[in-house]
Amino acid sequence: MKWAILSLALGAFAIGTSEFAAMGLLPWFAADLGITDPQGGHVISAYALGVVVGAPLTSILGARLPRRRYLAALIAIYGVFNLLAAALPGFHTLVATRFLAGLPHGGFLGVAMLFAADSLPREQRAKGVTYVLLGLTVANIAGVPLAGALGQGIGWRWGFALPGLIALVASVLILKLAPRVGVDPNARPFEELKALRNPSVILTLLVGAIGFGGLFAVYAYLSAAMLATTQAPSWAVPLALSAFGIGGTLGSIGAARLTIRLGIFRAAFVLMVFMAATQAFASYAVGSWQLMVASSFLLGLGSGMVVPLQTRLMDVAGRAQSMAAAMNHAAFNAANALGPGSPALRWRRGGAGALPGWSGSRFRRRGSSRYG
């Protein structure tokens, strides 16, 4: 089970690298494709919408498939579409391939978390969720900064090619290491849709969609904001991305312990208040790259909110566990679509190197043609 969960975490690592690297690479692919930063945000939103659409579809299609093959197939498809995003030319092609890459996201992570949680005693299920989530958070520590460094150094397309290759490796490892579990003879794919009529399920999903919207509205444009409003050194952006990942890793571990100790509702309340405070601090930090790095770390800490939400869904979803787990990621990415999709994001005067009235268009810094 240890090696099986590690192979699943590697798939989550690929997903986390691809999803969050796109935010860090936004200034570079926007400049290369000749589009504005808000237009570049559509690439991020397209991926998130793919997750929203794909979560229920993959849950229905995979309900009667062996979990090992189902998970391996989903992460392999994910790898292929990431490689296509890296290889094919044009802005509209990039939007389309990122949408398609998002389709397997929710189904893979949802079932992978259930797989890990089911291997542990009931009172320790939050730890099972965390084990897979650590693949996502570690991706932000190592994968996303590496993809960002590749994007800055040899081209932004490598930021999508890297997680694509990792996903294909994870697919092979899952086929070899995950235990063979037979198909559930009682599976009723369309019956799982009834979970979406459960008010407790819907409320939990809405908390995720709304609660994380503010986080992604800040984090998606963090790199562009740092370059536009500060005189940050070249290594500051990868540092900020890594700080988010470190915060996310610690936040997931802390959220699991908090959920076990305080219960789901109290833990969720504490984490939601913390998220609101970190987003308020983010607006204050703009203009100082040091404070923006600290803000990125704090935003990552707040992302542990997904742990009590996932645990709550396991309690209220009944037999629709796969659907509920996948829809949790759909809600998470609905927030991801709403945040970067906002066209009104604007940084005003203030802070070292700030550009007056910068409104998300392709950024330029005085005295430098690198960002022109």
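So, here is what we can say about the structure in this document. Keep in mind the model is a prediction, meaning the values are calculated, not measured.

Rules used throughout
- Residues numbered from 1 in each chain as written.
- Predicted model: local features only at pLDDT ≥ 70, side-chain atom pairs only at ≥ 80, totals over all residues.
- Heavy atoms only, no water.
- Helix = DSSP H or I, 4+ residues; strand = E, 2+ residues; numbered from the N terminus.
- Buried < 20%, exposed > 50% of the residue type's maximum accessible area, 1.4 Å probe, protein only.
- Contact = heavy atoms within 4.5 Å.
- Areas by Shrake-Rupley, 256 points an atom, 1.4 Å probe, with all protein chains shown as cover.
- Expected span 1.5 Å × (residues − 1).
- 1 Å grid on protein atoms, 1.4 Å probe; cavity = no way out; pocket = protein on both sides within 12 Å on 5 of 7 lines; lining within 4 Å.
- Points joined across faces, edges and corners; volume = space filled by probe spheres on them.
- Nonpolar A, V, L, I, M, F, W, Y, C, P; charged D, E, K, R; others polar.
- Patch = residues over 30% accessible without salt bridge, like charges linked within 9 Å, V, L, I, M, F, W, Y side chains within 5 Å.
- Salt bridge = Lys/Arg side-chain N within 4 Å of Asp/Glu carboxyl O.
- Core = buried A, V, L, I, M, F, W, Y, C linked by side-chain atoms within 4.5 Å.
- Phe/Tyr/Trp six-rings, centres within 6.5 Å; stacked < 30°, edge-to-face > 60°.
- Axes fitted to C-alpha atoms, helices over the stretch in contact; angles between N-to-C directions.
- Parallel < 35°, antiparallel > 145°, perpendicular 65-115°, else oblique.

Here's the deal with the overall build of the protein
Next, step 1: Along its length, the protein carries 15 helices and 0 strands.
Next, step 2: Residue burial in the protein is summarised as follows: out of 372 residues, 56% are buried.
Next, step 3: Of the contacts formed within the protein by residues at least 6 apart in sequence, a portion of 82% connects residues at least 24 apart.
Next, step 4: Accessible surface for the protein amounts to roughly 14800 Å². Of this, 67% is attributable to carbon and sulfur atoms.

Some remarks on helix 8 (residues 199-211)
Next, step 1: In this model, helix 8 (13 residues) spans 18 Å end to end at C-alpha, consistent with the 18 Å of a helix rising 1.5 Å per residue.
Next, step 2: Within the sequence span of helix 8, burial applies to Val201, Thr204, Leu205, Gly208, Ala209 and Gly211.

Some remarks on empty space enclosed by the protein
Next, step 1: A complete count under the given rule lists 2 cavities of 30 Å³ or more for this structure.
Next, step 2: Space inside the largest cavity adds up to approximately 220 Å³.
Next, step 3: In terms of lining, the largest cavity is formed by 19 residues, of which the most central are Phe20, Leu136, Thr137, Ser303 and Phe332.
Next, step 4: Elements represented by at least two residues in the lining of the largest cavity include exactly helix 1 (2-33), helix 5 (105-118), helix 6 (125-154), helix 9 (213-219), helix 11 (236-262) and helix 15 (321-338).
Next, step 5: A class-by-class count of the residues in the lining of the largest cavity yields 9 nonpolar, 9 polar and 1 charged.

Quick notes on helix 14 (residues 306-316)
Next, step 1: Burial of helix 14 is extensive: 9 of the 11 residues sit out of reach of the surface.
Next, step 2: Those residues of helix 14 that fall on the buried side of the exposure criterion are Val306, Val307, Pro308, Leu309, Gln310, Thr311, Leu313, Met314 and Val316.
Next, step 3: Downstream of helix 14 by a residue or two, glycine 318 has a phi angle that is positive, lying close to 65°.

Observations regarding a nonpolar patch on the surface
Next, step 1: On the surface, Trp3, Leu6, Val169, Leu173 and Leu177 cluster together into a nonpolar patch covering about 470 Å² of accessible area.
Next, step 2: Put simply, the parts of the chain that give the nonpolar patch at least two residues each are helix 1 and helix 7 (158-177).
Next, step 3: Considering each element in turn, the nonpolar patch owes the most residues, 3 residues, to helix 7.
Next, step 4: Mapped onto the secondary structure, tryptophan 3 falls in helix 1.
Next, step 5: On the basis of relative accessible area, tryptophan 3 is assigned to the exposed category, the value being 56%.

Overview of the nonpolar core
Next, step 1: Counting 87 residues, the largest nonpolar core has Phe108, Phe212 and Met226 as the members making the most contacts within it.
Next, step 2: By residue number, the principal contributor to this core is helix 1, which donates 16 residues.
Next, step 3: When near neighbours in sequence (up to four residues on either side) are disregarded, phenylalanine 212 contacts Val207, Met275, Ser303, Met305, Val306, Leu309, Phe332 and Ala335.
Next, step 4: Core analysis: the next-biggest nonpolar cluster, separate from the first, contains 15 residues, Leu205, Ala320, Ala326 and Ala331 among them.

Some points on the packing of aromatic side chains
Next, step 1: Applying the stated criterion across every chain, the model contains 4 aromatic pairs.
Next, step 2: Between tyrosine 47 and tyrosine 78, the ring centres sit 6.3 Å apart and the planes meet at 80°, which makes this aromatic pair edge-to-face. A residue pair is termed long-range when its members are at least 10 positions apart, and tyrosine 47 in helix 2 (residues 37-62) and tyrosine 78 in helix 3 (residues 67-87) qualify at 31 residues. Exposure class is identical for tyrosine 47 and tyrosine 78. Each is buried.
Next, step 3: Seen in terms of ring centroids, phenylalanine 281 and tyrosine 284 are 6.1 Å apart; in terms of plane orientation they differ by 40°. Their pairing is tilted. With phenylalanine 281 and tyrosine 284 both in helix 12 (residues 264-285) and 3 residues apart, this pair spans about one turn of that helix.
Next, step 4: Put simply, the rings of Phe29, Trp156 and Phe160 touch in pairs and so form one group of aromatic residues.

Observations concerning the side chain of threonine 259
Next, step 1: Checked against the element boundaries, threonine 259 lands in helix 11.
Next, step 2: Sequence-distant contacts of threonine 259, defined by excluding residues within four places in its chain, comprise Ile264, Ala267, Val307 and Pro308.

Observations regarding the side chain of threonine 249
Next, step 1: Assignment of secondary structure puts threonine 249 in helix 11.
Next, step 2: Leaving out residues up to four positions away in the same chain, threonine 249 has contacts with Leu134, Thr137, Val138 and Ile141.

Some details on the packing of helix 1 against helix 10 (residues 222-229)
Next, step 1: For the pair helix 1 and helix 10, the least separation of the axes is 7 Å and the interaxial angle reads 50°. If you check the angle between helix 1 and helix 10, you find them oblique. Touching Met23, Gly24, Pro27 and Trp28 of helix 1 are Ser223, Ala224 and Leu227, all from helix 10.
Next, step 2: Across the contact of helix 1 with helix 10, the residue classes break down as 5 nonpolar, 2 polar and no charged.

Let's talk about the environment of arginine 67
Next, step 1: Examined against the element boundaries, arginine 67 turns out to sit in helix 3.
Next, step 2: Sequence separation between arginine 67 and valine 111 is 44 residues; the distance between their C-alpha atoms is 7.8 Å.

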